[in-house]
Amino acid sequence: KNSREAMIIWTSQEAIVTNPFSQILFQLIGNIKNVHVRSILMPVVGGEHSKVREGTASKSHPWLIWKLCRSLGIEAKDIKPTEAIIGFIKVLAHAAENPMYGLGVLGIGNELMLLAEYAAVESCFDSACPEAHYKDFLHANIEEDEVHSKLIGDAAAALGALGFDSNDFLIGAKDGVQARVSYYDSLLKELKNTN
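What you see is a predicted model, and the numbers here were worked out from it, not measured in a lab.

About the cut-offs
- In this convention, every chain numbers its residues from 1, walking through the sequence in written order.
- Selection of residues for local features in this predicted model requires a pLDDT of at least 70, selection of side-chain atom pairs for listing and counting requires 80 or more, and totals for whole chains, interfaces and linings are taken over all residues.
- Only heavy atoms go into the side-chain values, all of them from the structure, while hydrogens and water stay out.
- Only DSSP runs of H or I with at least four residues qualify as helices, and only runs of E with at least two residues qualify as strands; both kinds are numbered from the N terminus onward.
- The rule is simple: take the accessible area with a 1.4 Å probe, protein chains only, and divide by the maximum for that residue type; under 20% is buried, over 50% is exposed, in between is partly exposed.
- The length a helix should cover is 1.5 Å for every residue beyond the first.
- Whether two residues touch is decided by their heavy atoms; if any such pair falls within 4.5 Å, the residues are in contact.

Q: Just checking my understanding: could you explain unusual backbone geometry for this structure?
A: A negative phi angle characterises most non-glycine residues, just as the trans form characterises most peptide bonds. Notably, S50 is not glycine yet its phi reads approximately 70°, a positive angle. Inspection of the secondary structure assignment puts S50 in the loop between helix 2 (35-49) and helix 3 (61-71). The exposure class of S50 is partly exposed, given its relative accessible area of 22%. Not every positive phi belongs to a glycine, and E54 is a case in point at roughly 55°.

Q: Please explain helix 6 (residues 135-161) as it appears in this structure.
A: The periodicity of an α-helix, 3.6 residues per turn, causes residues three or four positions apart to be oriented the same way. In this model, helix 6 (27 residues) spans 39 Å end to end at C-alpha, consistent with the 39 Å of a helix rising 1.5 Å per residue. Of all the residues in helix 6, the buried ones are F137, L138, A140, N141, D145, H148, S149, L151, I152, A155, A156 and L159. In the core, the buried residues of helix 6 are packed alongside helix 1 (4-30), helix 2, helix 3, helix 5 (99-128) and helix 7 (166-194). Once helix 6 finishes, G163 follows within two positions and takes phi at roughly 105°, a positive value.

Spelled out as structure tokens, the structure:
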């Protein structure tokens, strides 16, 4: 709440992970063989990407984070991945290989966790960077992710009914939460080392 620099770094790292998250979601869905289960997840993809109007997916999460970056004066050349975000993306990318595990990582470790996380981040922006264009990005995630996490849970239940091991979902959920916590711990450590 007291560091504009910390909010700029957080934003740059979210800009790095937001687009791969959308792509990893596609990979995960592509690894689900059952069309009915894939169909459960299509609104999640739609929420991440949004409709295209006049050649721009103006409500897509990657576009909204880019607008936030620009409002903070962050240019593409300024965005450099920290070790924290590199490690986090590796966990996400690995998750796409096993659908049930991946649903746990993406559903609980990301979509569900972001509800409280982004609400806290919003209060930090309110205090440290109130002029930034942050509400659209944060609210798009907060408003959609409750539904997205439920849909991901529904897809996991459907896979369970098809004989997939529900324990993989639980392990994925734990790994996803741990990856997110580790990301923040590492990012904080990196921030402290740069000051």
